[in-house]
Amino acid sequence: MLIKKGKFIKDHQVTDYSVYQNRRDFIKTATGLGLAAATGGIIQPSFALSKPTGFSTQEAKTPYKDITSYCNFYEFGTGKADPKKYAKNLTTSPWSVLIEGECEKTGRYDLDDLLKPLSIEERIYRFRCVEGWSMVIPWMGFPLAQLIKRMKPTAKAKYVYFETLYDPKQMRGQKTKALDWPYIEGLRIDEAMNPLTLMATGLYGKDLLNQNGAPLRLVVPWKYGFKSIKSIAKIRFMEKQPVNSWQKANMTEYGFYSNVNPQVNHPRWSQRKERRIGEFRKRKTKLFNGYAEQVAGLYSGMDLKKNF
Amino acid sequence: MIKPFVFLLLLLPALLLAGAFWNQTLGANPLEAVIRNLGDWALRLLLLTLALSPLRRLTHWGQLLRLRRMVGLFAYFYAVLHLMGYLWFDQFFDWGEIGYDILERPFITIGMLCIVLLTPLALTSTNAMMRRMGKQWKRLHFLVYPIAIFAIVHFFWMVKLDVSEPTLYAIILAVLLGERLLRFVLKNKR
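A brief report on the enclosed structure follows. Here, residues in each chain are numbered from 1, in the same order as that chain's written sequence. To label them, take the chains in the order written and letter them from A, then take the ligands in the order written and number them from 1. Restriction of local features to residues with pLDDT of at least 70 applies here, the model being predicted, together with a cutoff of 80 or more for giving and counting side-chain atom pairs; totals for whole chains, interfaces and linings are based on all residues. For the side-chain quantities, the full set of heavy atoms in the structure was used; hydrogens and water were omitted.

1. Regarding the interface of chain B and chain A
A contact between two residues is defined here by any heavy atoms of the two lying within 4.5 Å. Taken residue by residue, the interface counts 20 residues in chain B and 27 residues in chain A. Here the buried area means the combined drop in accessible surface, using a 1.4 Å probe, for two parts upon being joined, counting both sides. Together chain B and chain A conceal approximately 2000 Å² of surface at their shared face, both sides included; 49% is due to carbon and sulfur atoms. A pairing counts as a salt bridge when a side-chain nitrogen of Lys or Arg comes within 4 Å of a carboxyl oxygen of Asp or Glu. Where chain B meets chain A, there are 4 salt bridges. With a shortest N-O distance of 2.9 Å, K282 of chain A and D90 of chain B are connected by a salt bridge. Between N or O atoms, a polar contact is any pair within 3.5 Å; within protein, one atom must be a potential hydrogen donor and the other a potential acceptor, and residues adjacent in sequence are included only when both atoms are from side chains. For the interface between chain B and chain A, the tally reads 10 residue pairs in polar contact (both at pLDDT 80 or more). Numbering of helices and strands runs from the N terminus, with a helix taken as a DSSP run of H or I at least four residues long and a strand as a DSSP run of E at least two residues long. Among the secondary structure elements, those contributing two or more residues to the side of chain B that touches chain A are α2 (30-59), α4 (68-90), α5 (95-104) and α9 (144-158) of chain B. Looking at the side of chain B that touches chain A, its residues break down into 12 nonpolar, 1 polar and 7 charged. For this scheme, ten residues count as nonpolar: Ala, Val, Leu, Ile, Met, Phe, Trp, Tyr, Cys and Pro. Four count as charged, namely Asp, Glu, Lys and Arg, and the remainder, Gly too, count as polar.

Structure (structure tokens):
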């Protein structure tokens, strides 16, 4: 276990959003001028060089190529290579997020306005898919708690509900009945407020590619990957527990919590081991994906086999 | 004349797979890709074996039936490689874990059953065995029908959500079995 606890994030380890945004704009312009290849390496290194924050793992990072080519994003098809192939058509700028439900600041927010007051930092997290493979991903993003606090949830807000964009014209997979669209995920509010829970806008110091859930996605590193909903268009504060898409698709195989747990097998396959992408032998899967120190308290007294 | 050519043709998927593995073009999870690809070919060739006799009736091309044994043996060859892939790349010969899988995971159980049932068919595929077994041979090799059904069930139970691929194979098998059933019914009517 290489997680260091309780360290403060230093100023130079995070990048002010306005600086980040300038880079975004610059890259867009540069791409237009065909300069991306020449400038990309110069623009981004301060991200790449920024030291991992206290929550980050020191484990070897999964190559960018693998993270961006081996994806589950059924909105673009059920094959692992489909998202990379078909996500190009998704327009992520402009982008807005509808905030509704049990909070004071409901409304439709432009993504840029939503991000303006925030600092983007790097978090290197383990990522474990329910299918039995894992990666180590250097995300760029901000703690979801910061966004939640700004929305001033009411006392009734016990859960946070997330919804992916629904637009079959841009997301060809939504023309099929693979899942009940739009994709839905949810967290208990204390899970959402946990400092590990991240809203990601980039990885490897670059803006998220569409196949990885651009422009805004959730990252919950102690839960199976499908909880980390992509391309978020709606956030709702709720009193009742939402039913997430995979639970709806198969109640007996997928639950609301979906915490990584080697003791609780998927009904059809074992969760005791995982293949870290790029490695030959399998690794033993850890409880809460190795984040037990930070999150086990959220589930004290709960039967994790029942609440899978 | 045609046999060596078909032999090489049937070996080609294995060669291409080995080449793709060597050149690292199998994506981020190459070991899983190898296991899946070998399973795909085992199933495809099993269905091709079953397609040869109706195809011969359709085309009146007698040569086809002489290829059936070779295609069937290649199906077994890919099935064994598929099993080896699972034992090695998926379980790394952890026999306790493999035993648990066979007992607890229906898709593994039925996959193993396929291999177990295919083995006597492969072993009795020689001319000498055909002669020695006489009528028993036909009875034994009738097993290929339940094996094909089990192999497709194995595929269905393995898939996470999208069953379009196993459904396609199921339709092909349904046509092949349906044709035989129809002929059987028509023959008994007369």
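So, next bit.
2. Overview of the layout of surface pockets
Residue and element names in this part refer to chain B. Only protein atoms enter the calculation, which uses a 1 Å grid: trapped sets of points that fit a 1.4 Å probe without letting it out are cavities, open sets showing protein on both sides within 12 Å along at least five of seven lines are pockets, and any residue with an atom within 4 Å of a point is a lining residue. Grid points are joined across faces, edges and corners, and a volume is the space filled by probe spheres set on the points. Computed from the structure, the second largest pocket encloses a volume of approximately 1300 Å³. In this structure, the second largest pocket is lined by 31 residues; those nearest its centre are R68, K138, H141, V144 and Y145. For the lining of the second largest pocket, the secondary structure elements donating two or more residues are α2, α3 (63-66), α4, α6 (106-123), α8 (135-141), α9 and α10 (164-189). At 6 residues, α2 tops the list of elements feeding residues into the lining of the second largest pocket. Looking at side-chain class alone, the lining of the second largest pocket contains 15 nonpolar, 5 polar and 11 charged residues.

3. Quick look at the packing of aromatic side chains
The geometry of an aromatic ring pair is captured by the separation of the ring centres together with the interplanar angle, meaning the angle of the planes. Here a pair means two rings of Phe, Tyr or Trp (six-membered ring of Trp) with centres within 6.5 Å. Their orientation is stacked below 30 degrees between planes, edge-to-face above 60, and tilted elsewhere. Counted under the stated rule, the structure contains 26 aromatic pairs over all chains. Between F280 of chain A and W88 of chain B, the ring centres sit 6.5 Å apart and the planes meet at 85 degrees, which makes this aromatic pair edge-to-face. One end of the pair, F280 of chain A, is in the loop between β12 (273-276) and β13 (283-284); the other, W88 of chain B, is in helix α4, on a second chain. Under the relative-accessibility criterion, W88 of chain B is labelled partly exposed at 40%. Counting every residue linked through ring pairs, the aromatic cluster contains F280 of chain A together with W88, F89, F92, F93 and W95 of chain B. Directly above the aromatic system of Y70 of chain A lies the positively charged group of K80 of chain A, at a separation of 5.5 Å from the ring centroid. Using a 1.4 Å probe on the protein chains alone, a residue whose accessible area is under 20% of its type maximum counts as buried, one over 50% counts as exposed, and one in between counts as partly exposed. For a lysine, the NZ atom is tested; for an arginine, the CZ atom; a charge sits over a ring if that atom is within 6 Å of the ring centre and within 35 degrees of the ring normal.

In short, the description is geometric, and any link to function would need to be established separately.
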